[in-house]
Amino acid sequence: SPLFPYSHSTIELFVNRLDSVESVLPYEYTAFDFCYDESEKRPSENLGQVLFGERIEPSPYKKNMECQSVCPKSYNTEKAEDKAKLEFLKKGMLLNYQHHWIVDNMPVTWCYDVEDNQKFCNPGFPIGCYVTDTGRAKDACVVNADFNDKDTFYIFNHVDITIFYHVVENEAAGARLVAAKLEPKSYKHTNWEKPDCTGPPMSLGNKFSGEIKIPYTYSVKFVEDKTIRWASRWDYILESMPHTNIQWFSIMNSLVIVLFLSGMVAMIMLRTLHKDIARYNQMDSVEDAQEEFGWKLVHGDVFRPPRKGMLLSVFLGSGTQIFIMTFVTLFFACLGFLSPANRGALMTCAVVLWVLLGTPAGYVAARYYKSFGGEKWKTNVLLTAFLCPGVVFADFFVMNLILWGEGSSAAMPFGTLVAILALWFCISVPLTFIGAYFGFKKSGIEHPVRTNQIPRQIPEQSFYTKPLPGIVMGGILPFGCIFIQLFFILNSIWSHQMYYMFGFLFLVFIILLITCSEATILLCYFHLCAEDYHWQWRSFLTSGFTAVYFLVYAIHYFFSKLQISGLASTILYFGYTMIMALIFFLFTGTIGFFACFWFVTKIYSVVKVD
C-alpha cells in the first residue's frame, strides 16, 4: 500500500538485477558479493519478469540514519576465491554495470545535471567507475575531481538516499512516498565501526595485490514534498527520457506516406478499375471479346493454388496469431494496464495471449490450406502448431544456454522453461487443433471466378514487374513509417530505458497496417496488369520484406549505438534480433496477403466472365 508508518523508522528497499549498456548479460545482486540480507525471503515474480531476467531481492538497507554501516567486505588477493570475487567486481565497474533499487515499486533514481541546465534522472546508478592508465575518467568518474589516480577503480560504497513523501491530510496519520532519489559516493572510511562519511574516496588499483577492506555504508533522510501528487509520481523519471517531439514528427512523417499511398490506391481503384470494369462489361459482341487485355486476361488463373501452399497457409495461421496478440496487447497498454509500474506485465500479457490464440491460427491455416486444394490436413495442423513457435523456442533455448553458461540472471530457471513448454503443449497445441477442426469442417472459400484447366503462359516481364524488385520496393514504405519508433523500442530493450509511449506505438501499428496493405495492393495490381497471376506468395513477401529492413536496421543500431563487447553478448543480441525479425516477418506478411486476397476477390467479382 502507498501508506507507510509516519515514524520513518525503516524503509523497505528491494534490489533488482544489475545490467549494463555494454553487455547484454544481466547479473543478480548476489553475484557481485555486496552486502545482502539473508533473513528475508524474495518477493514473488510474474512470468514477464522472469522472462526479462528481473531478480528482485530484499536488501539490508533499512534504517533511517545518518552514515550507517552495512557490512565490510575484506579481500585477500592471495586467496583464489577472493581474487575471483574482486576481479568480477572490477569487470562490473569496467563495463559500467548499474544497480537498480526499488522502494514502494518506484525505481530509486540518481538525478544529475547535464548540459543546458537539464536534469537527467537515471533509474539506476553504477557500482563504481574506472580511471584509465592515461588518466581519462570513464563514465561516472567524471562526477568527482578527486577521482584522479591512474589505472584505478573507484567504488561507490556509500549512498545518500532521500525519500520524498507527502502527508495525506484526510487519512489516518499516513504519508505517501512520491519519489526516492540517491547519490552514490565513495569514502575510504578509516574507522568503519564508527564511520563518519568524510575523507578520501575508496580506490582500488587495477594491479593491486594484498589485503583490502571495502566498507559499505548509507544514509537515509526523509523530505516532505507537497508539490508532487502520488498519482503522478512517475512523471519526473519519464520527463528525462527521450523526447516526445521527435515522436510527433515521426508520426506526421508516417501519415504523409500513408496519405500518399492511400491517394494512389484510391486513384487506381476509382479511375482505372472503374474504367476497366465498365469497358469489360460493355463488350457484348464477340469480335470485341477477342481483344481482352490487362488483368481480366488472367481471370482463369488468378485463383490457381500457389506452389508450396502448405507453408504459406502455416505462415498465415501463425501470422494471424501474432497479429491479434499484438493488437490486443497494445490496446491494453494504451489503456494503461501495462505501464512500467506493473513490472513484467507487458511480456506476461503477450505470452498468455499468444498461448490462448491457438484457435484462430489453426482455423486460418486450415481454411486457406483447404482453399489451396491441400489434402494433407494432419501435416498442416502439426506444422501450424509447431513450426513457427518451435523455431522461436529453439532460438530462445540456445540463447538461454549461453546465458546459463555465463552465469547471468536472465537465464531461465529450469522450472520456467518447463512451464512455458507446458503452456505451449497443453494449451496452445490443443487450441490449434480445435481451430483447425472447424477450419476443415467449413466448406472451402468461394472464388468469384472459375480456374481454367490449363495454366496460361506468363509473358516476358519488364524489370520492375519481376518478382524480386517488386518485393524489395514493397518493404521500404512500411519500414519508413516505423523506423523512428523502432529506435525507441530498441533503446528500451538494449539500453534499459523505460518505454511508455504506447499511445504512439498504437498509432504506428495502425499506420503500419494501412501502409503494408496499400503497398501490397498497388504492386499486386501492377503485376496482374502485366498478366502475372502468381500473387499469393508475392503479396506475402512484399510486405514481409519489411522484416529484412528491420534486420538491417538492427545491425546498424548494433554498430552505431551500442558499445556491446564480448562474444556472448554479440551472439545474444543477434539471437534475440532474429526472433524479433521472424515474428515481424510473419506479422507483416500476413497483413499483405489478406489485403491482396481481399483486393483480388473484390475486382474479379465485379467483372462479367463468360
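Above this text you will find the structure in question.
The structure contained in this document is the topic of the report that follows. Keep in mind the model is a prediction, meaning the values are calculated, not measured.

### Description of helix α13 (residues 536-544)
No. 1: Counting buried residues along α13, seven of its nine residues qualify, which places the element largely inside the surrounding structure.
No. 2: Within the span of α13, buried status applies to Q536, R538, S539, F540, T542, S543 and G544.
No. 3: The elements touched by buried residues of α13 are α6 (309-334), α11 (467-494), α12 (502-529), α14 (546-560) and α15 (567-605).

### Looking at the packing of aromatic side chains
No. 1: In the structure shown here, the tally under the stated rule is 66 aromatic pairs.
No. 2: Considering the side-chain rings of F323 and F587, the 5.9 Å spacing of their centres and the 25° angle between planes classify their relative orientation as stacked. Of this pair, F323 sits in helix α6 while F587 is found in helix α15, placing the two residues 264 residues apart along the sequence.
No. 3: Since its relative accessible area comes to 25%, F323 is described here as partly exposed.
No. 4: Overall, F587 belongs to the buried group, its relative accessible area being 5%.
No. 5: Taken together through their ring pairs, the aromatic side chains of F323, F327, F331, F506, F509, F550, F584 and F587 make up a single cluster.
No. 6: The cationic tip of R176 hangs over the ring face of W230; the distance from NZ or CZ to the ring centre is 4.7 Å.

### Regarding the sheet that holds strand β2 (residues 13-15)
No. 1: One open sheet holds the four strands; their spatial order is β5-β2-β8-β9, and the pairing between them is antiparallel. A single partner strand is all that each edge strand has here, and the edge strands are β5 (57-58) and β9 (106-107).
No. 2: Where β2 and strand β8 (residues 101-103) come together, three bridges link them in antiparallel fashion. Its bridge partner lying in β8, V15 is registered against W101.

### Quick notes on the pattern of salt bridges
A side chain of one charge can pair with a side chain of the opposite charge if their charged atoms are brought near each other.
No. 1: Taken as a whole, this structure holds 16 salt bridges when the rule is applied.
No. 2: Between E28 and R42 there is a salt bridge, with its nearest N and O atoms 3.6 Å apart. Separated by 14 residues along the polypeptide, E28 in the loop between β4 (23-27) and α1 (47-51) and R42 in the loop between β4 and α1 bring together distant segments of the chain.
No. 3: Residue R42 is classed as partly exposed on the basis of its relative accessible area, which comes to 42%.
No. 4: Through salt bridges with shared partners, a single ionic network connects D33, K73, E81 and K85.

### Comments concerning a nonpolar patch on the surface
No. 1: Residues F331, L335 and F337 make up a contiguous nonpolar surface patch of about 310 Å² in total accessible area.
No. 2: Looking at the element boundaries, L335 is found in the loop between α6 and α7 (345-356).

### Side note on the pairing of strand β13 (residues 128-131)
No. 1: Going residue by residue along β13, you find G128 and Y130 tucked away on one face and C129 and V131 tucked away on the opposite face as well.
No. 2: Examined bridge by bridge, β13 and strand β14 (residues 152-155) share four bridges and lie antiparallel to one another. If you follow Y130 over to β14, its bridge partner there is F153.

### A look at the nonpolar core
No. 1: With 165 residues, the main nonpolar core has L89, W101, W295 and V600 as its most contacted residues.
No. 2: When residues no more than four places from it in sequence are discounted, the contact partners of L89 are F32, F34, Y75, I127, I155, I214 and Y216.
No. 3: In terms of nonpolar packing, the next biggest core, distinct from the first, is built from six residues, M310, A366, Y369 and F440 among them.

About the cut-offs
- Residues numbered from 1 in each chain as written.
- Predicted model: local features only at pLDDT ≥ 70, side-chain atom pairs only at ≥ 80, totals over all residues.
- Heavy atoms only, no water.
- Buried < 20%, exposed > 50% of the residue type's maximum accessible area, 1.4 Å probe, protein only.
- Helix = DSSP H or I, 4+ residues; strand = E, 2+ residues; numbered from the N terminus.
- Contact = heavy atoms within 4.5 Å.
- Phe/Tyr/Trp six-rings, centres within 6.5 Å; stacked < 30°, edge-to-face > 60°.
- Lys NZ or Arg CZ within 6 Å of the ring centre and 35° of its normal.
- Pairing = 2+ DSSP bridges.
- Salt bridge = Lys/Arg side-chain N within 4 Å of Asp/Glu carboxyl O.
- Patch = residues over 30% accessible without salt bridge, like charges linked within 9 Å, V, L, I, M, F, W, Y side chains within 5 Å.
- Areas by Shrake-Rupley, 256 points an atom, 1.4 Å probe, with all protein chains shown as cover.
- Core = buried A, V, L, I, M, F, W, Y, C linked by side-chain atoms within 4.5 Å.

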